Amino acid sequence: MSTALITGASSGIGKELAIALAARGHELILVARRKDRLTALAKDVVTSHKVKVTVYAMDLSKPGSSAELEKQVLADGHSVDILVNNAGFGTNARVVDEDRASVADEIQLNIGTLVDLTIAFLPAMVARKSGAVVNIASTASYQPVPGMAVYAATKSFVRSFTEAVWGEVPAGVKVFAVSPGATATEFFDVAGATPSTALASVSEVIDVILAGLDSEYPAPSIIVGTRNRVLARISRIVPLTMAIRVAGSMFLPKK
Ligand SMILES: NC(=O)c1ccc[n+]([C@@H]2O[C@H](COP(=O)([O-])OP(=O)(O)OC[C@H]3O[C@@H](n4cnc5c(N)ncnc54)[C@H](OP(=O)(O)O)[C@@H]3O)[C@@H](O)[C@H]2O)c1
């Protein structure tokens, strides 16, 4: 029986992915801060899909939390076949107005924890020549975003890091980044941002992740949705100043 560890499983993409993977018969390890939500999800999934679910309520923005998670996972006798580094959040402010503590948490969660969990669980997959690491990036990784400068930079890191690791692993081990565009989750409420485009459904993102897992040889980076794929390509072709201004027109808070 294969086990999937999903960070950020208490809402949005992580929650729906947990349900989808349980429906495929995977055992689950669910991680986030809101224990009540994780426990309720675990109960539903166990009832509906009869799979084993383990919940760890942890704040993964704290340095050392990923090592603590790894320790608990191993102590409880789990081996991780699919790691989904999904937990993440964005802050929507001009850099001069950013809260330094929130930004430190954002960088630690979106980057530090993602890298450390990859290094923690990938070696066993490489040794087995099977397994998958799915890192959730964003279309924000394709150009700088005034108003979400830190968030977009963290997601550029996630995508670059993941694409590089894709080039390191042997056949049988899948490592890929998934970049959703604006999606209907709690993300924008948490960020304090107003989406300027229509929101995609979470199920679109889940379908892309599942297709990547099903592919024998997934691409290093997968963008969710045709429109987002076209926009990412355009942002590479137009002058950088234009790409920055367009992104800023969507997210730069008014003075
Ligand atoms: N929605 C979008 O438009 C969009 C677009 C591109 C990329 N993404 C990315 O997709 C991923 C999932 O986000 P979502 O859209 O599903 O948003 P969401 O509904 O806000 O879910 C975020 C998840 O991350 C968890 N999380 C946040 N801070 C955490 C912390 N300190 N420790 C542990 N877990 C934490 C949250 O759980 P707790 O609050 O319970 O801890 C929640 O389960 C993120 O990486 C996000 O950057 C989202």
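Quantities reported herein were computed from a predicted structural model and do not represent experimental measurements.

Chemist: Looking at this structure, I do not really get unusual backbone geometry. What am I missing?
Modeler: Backbone geometry follows two general trends: most residues other than glycine have a negative phi, and most peptide bonds adopt the trans configuration. Of note, lysine 50 is a non-glycine position whose phi angle comes to about 55°, a positive value. With respect to the secondary-structure elements, lysine 50 resides in the loop between helix H2 (35–49) and strand S3 (53–57). Owing to a relative accessible area of 67%, lysine 50 belongs among the exposed residues under this scheme. One non-glycine residue, lysine 129, adopts positive backbone phi at about 55°. Within the secondary structure, lysine 129 sits in the loop between helix H4 (100–128) and strand S5 (131–136).

Chemist: It is not clear to me how the environment of leucine 117 should be interpreted in this structure. Could you clarify?
Modeler: Topologically, leucine 117 is positioned in helix H4. When the C-alpha positions of leucine 117 and valine 133 are compared, they lie 9.6 Å apart, and in sequence the two are 16 residues distant. Here leucine 117 is in contact with Thr7, Ser66, Leu69, Leu83 and Asn85, once residues within four sequence places are set aside.

Chemist: What am I meant to see in the site of the ligand here?
Modeler: The full set close to the ligand counts 30 residues, and Arg33, Arg34, Asn86, Tyr151 and Thr185 are the nearest of them. A distance of 2.8 Å is found between an oxygen atom of the ligand and a side-chain nitrogen or oxygen belonging to serine 11. In this structure, glutamate 186 approaches the ligand through a main-chain N or O atom, which is 3.2 Å from an oxygen atom. Within the complex, 96% of the 870 Å² of free accessible area of the ligand lies under protein. By residue class, the composition of the shell around the ligand is 14 nonpolar, 11 polar and 5 charged.

Chemist: Would you take a moment to explain the packing of aromatic side chains for this structure?
Modeler: To describe a pair of aromatic rings, one takes the distance between the centres and the angle between the planes. Evaluation of the coordinates by the stated rule reveals 4 aromatic pairs. A centroid spacing of 5.1 Å and a plane angle of 50° characterise the contact between tyrosine 151 and phenylalanine 187, whose relative ring orientation is tilted. Separated by 36 residues along the polypeptide, tyrosine 151 in helix H5 (residues 149–166) and phenylalanine 187 in helix H6 (residues 187–191) bring together distant segments of the chain. Phenylalanine 187 carries the same exposure label as tyrosine 151, and that label is buried. Judged by centre distance (5.8 Å) and plane angle (50°), the rings of tryptophan 166 and tyrosine 217 are tilted. Of this pair, tryptophan 166 sits in helix H5 while tyrosine 217 is found in the loop between helix H7 (202–214) and strand S7 (221–223), placing the two residues 51 residues apart along the sequence. Looking at tryptophan 166, the relative accessible area reads 28%, which means it is partly exposed. Judged by relative accessible area, tyrosine 217 falls into the exposed class, the value being 66%. The side chain of arginine 159 reaches across the aromatic face of tyrosine 142, ending 3.8 Å from its centre.

Chemist: Can you walk me through the sheet that holds strand S6 (residues 173–179) in this structure?
Modeler: Strand pairs in the sheet, formed through backbone hydrogen bonds, run parallel or antiparallel to each other. The sheet built from 7 strands is open, its strands ordered S3-S2-S1-S4-S5-S6-S7 with parallel pairing. The sheet is open, and its two borders are formed by S3 and S7, each paired with just one other strand. Adjacent strand axes in the sheet meet at a mean angle of 15°, parallel and antiparallel pairs treated alike. For strand S4 (residues 82–85) and S5, the ladder comprises 4 bridges, and the chain directions are parallel. Residue asparagine 85 lies in a different strand from S5, and its bridge partner there is asparagine 135. Contacts from H7 reach S4, S5, S6 and S7 within the one sheet, and its direction differs from that of S6 by about 160°.

Reading the values: the criteria
- Residues numbered from 1 in each chain as written.
- Predicted model: local features only at pLDDT ≥ 70, side-chain atom pairs only at ≥ 80, totals over all residues.
- Heavy atoms only, no water.
- Helix = DSSP H or I, 4+ residues; strand = E, 2+ residues; numbered from the N terminus.
- Buried < 20%, exposed > 50% of the residue type's maximum accessible area, 1.4 Å probe, protein only.
- Contact = heavy atoms within 4.5 Å.
- Near = heavy atom within 4 Å.
- Polar contact = N/O pair within 3.5 Å; in protein donor to acceptor, adjacent residues only side chain to side chain.
- Areas by Shrake-Rupley, 256 points an atom, 1.4 Å probe, with all protein chains shown as cover.
- Nonpolar A, V, L, I, M, F, W, Y, C, P; charged D, E, K, R; others polar.
- Phe/Tyr/Trp six-rings, centres within 6.5 Å; stacked < 30°, edge-to-face > 60°.
- Lys NZ or Arg CZ within 6 Å of the ring centre and 35° of its normal.
- Pairing = 2+ DSSP bridges.
- Axes fitted to C-alpha atoms, helices over the stretch in contact; angles between N-to-C directions.

Remember, this is a structural readout, not a statement about activity or role.
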